[in-house]
Amino acid sequence: MKIVVMLGLLATLSFNLTARASEVKKEADAANGKAVSATCAACHGADGNSVNPDWPKIAGQGEAYLAKQLHDFRSDKRVDPSMTAMAKGIKSDSDVADLAAYYSSVKAKPGVANPEMIAKGEAIYKGGVVSSGVAACAACHGPTGSGNPAAKFPKISGQHAKYTVTQLMNFKSSKRANDTGKMMRNVALKMTDAEMDAVAEYISGLRN
């Protein structure tokens, strides 16, 4: 009987140790992320502040959000001719985590909005479009566009207006479909091109 009890205790102890070990995650290494980011610099800039409006600024972006997007590109949940290939070229999940840690630690440079579109863009960003059911962007992305890291809602302040419009259009057409619960697709579907242009300009001028 004692042997049986002892074996049972050892089995329980082994299970608990294994479970705890599986919960331990490697701490992301931003320094390694910077080294790995060399191939990213061609599009996103040496410090994540892209100067080409076709490619997003990723400096200062939420770490969890960045990691999610890279994993989505790697698994084809999000598809882009350039990024899919680049993401699949990343050697490991560990490098994905390190890249996300690096870019989230870099300071983002502010953008500049078209002053003629700020008023309309601000109205949409803060209050949505009641007549068509467009939700206010600020509800998820925050009043200054800082996002919600815990919920993996991205930081959008200072983002290139052209890139933002492209993503809204992709959500509207479902070309991009990696948003949880179709949240962004449902918003973009109700927006006109003019509303997208205005809110994207307003977002490009947000600072935090």
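Residues numbered from 1 in each chain as written. Predicted model: local features only at pLDDT ≥ 70, side-chain atom pairs only at ≥ 80, totals over all residues. Heavy atoms only, no water.

Caption draft 1: Representation of empty space enclosed by the protein within the structure. Overall, the coordinates contain 1 cavity of 30 Å³ or more when judged by the stated rule. In terms of lining residues, the largest cavity is bounded by K57, I58, A59, G60, Q61, A108, K155, I156, S157, G158 and Q159. Here the residues of the lining of the largest cavity are counted per class, giving 4 nonpolar, 5 polar and 2 charged. (1 Å grid on protein atoms, 1.4 Å probe; cavity = no way out; pocket = protein on both sides within 12 Å on 5 of 7 lines; lining within 4 Å. Points joined across faces, edges and corners; volume = space filled by probe spheres on them. Nonpolar A, V, L, I, M, F, W, Y, C, P; charged D, E, K, R; others polar.)

Caption draft 2: Up close: the environment of K126. Inspection of the secondary structure assignment puts K126 in helix α7 (residues 118-127). Overall, the relative accessible area of 49% leaves K126 in the partly exposed class. Not counting chain neighbours up to four residues away, the residues in contact with K126 comprise A136, A138 and Y202. A polar contact is formed between the side chain of K126 and the side chain of E122, at a distance of 2.7 Å. (Helix = DSSP H or I, 4+ residues; strand = E, 2+ residues; numbered from the N terminus. Buried < 20%, exposed > 50% of the residue type's maximum accessible area, 1.4 Å probe, protein only. Contact = heavy atoms within 4.5 Å. Polar contact = N/O pair within 3.5 Å; in protein donor to acceptor, adjacent residues only side chain to side chain.)

Caption draft 3: Representation of the nonpolar core within the structure. Counting residues in hydrophobic clusters, the biggest one holds 17 residues, and the most contacted among them are Y125, L168, M191 and V199. Of all the elements in the fold, those that place two or more residues in this core are α7, α9 (161-173), α10 (183-188) and α11 (193-204). Ranked by size, the runner-up nonpolar core spans 15 residues in total, among them I58, A87, Y103 and V106. (Core = buried A, V, L, I, M, F, W, Y, C linked by side-chain atoms within 4.5 Å.)

Caption draft 4: Structural view of the pattern of salt bridges. In this structure the tally under the stated criterion is 7 salt bridges. Between E122 and K126 there is a salt bridge whose closest N-O contact spans 2.7 Å. With E122 and K126 both in helix α7 and 4 residues apart, this pair spans about one turn of that helix. Of the charged contacts, one joins R185 and D179 as a salt bridge, the two residues approaching to 2.7 Å between their closest N and O atoms. The exposure class of R185 is buried, given its relative accessible area of 15%. (Salt bridge = Lys/Arg side-chain N within 4 Å of Asp/Glu carboxyl O.)

Caption draft 5: Quick peek at α11. Between the first and last C-alpha of α11 there are 17 Å, a value that for 12 residues agrees with the 16 Å anticipated at 1.5 Å per step. When you tally the buried positions in α11, you get 9 out of 12 residues, the bulk of the element. Within α11, burial applies to E195, M196, A198, V199, A200, E201, Y202, I203 and S204. (Expected span 1.5 Å × (residues − 1).)

Caption draft 6: How the structure looks around the confidence of the model for the chain. Residues with a pLDDT of 70 or more make up 88% of the chain, whose mean pLDDT is 91. In this model, residues 2-24 is a region of pLDDT below 50 whose contacts with residues beyond four sequence positions or in other chains number 0 contacts. (pLDDT = per-residue confidence, 0-100.)

Caption draft 7: Highlighting the packing of α7 against α11. Between α7 and α11, the shortest axis-to-axis distance is 7 Å and the interhelical angle comes to 95°. Comparing the axis directions of α7 and α11 gives the class roughly perpendicular. The segment α7 lies against α11, with I118, K120, G121, E122, I124, Y125 and K126 engaging A194, E195, A198, V199, Y202 and I203. Of the residues assigned to the contact of α7 with α11, the class counts are 8 nonpolar, 1 polar and 4 charged. (Axes fitted to C-alpha atoms, helices over the stretch in contact; angles between N-to-C directions. Parallel < 35°, antiparallel > 145°, perpendicular 65-115°, else oblique.)

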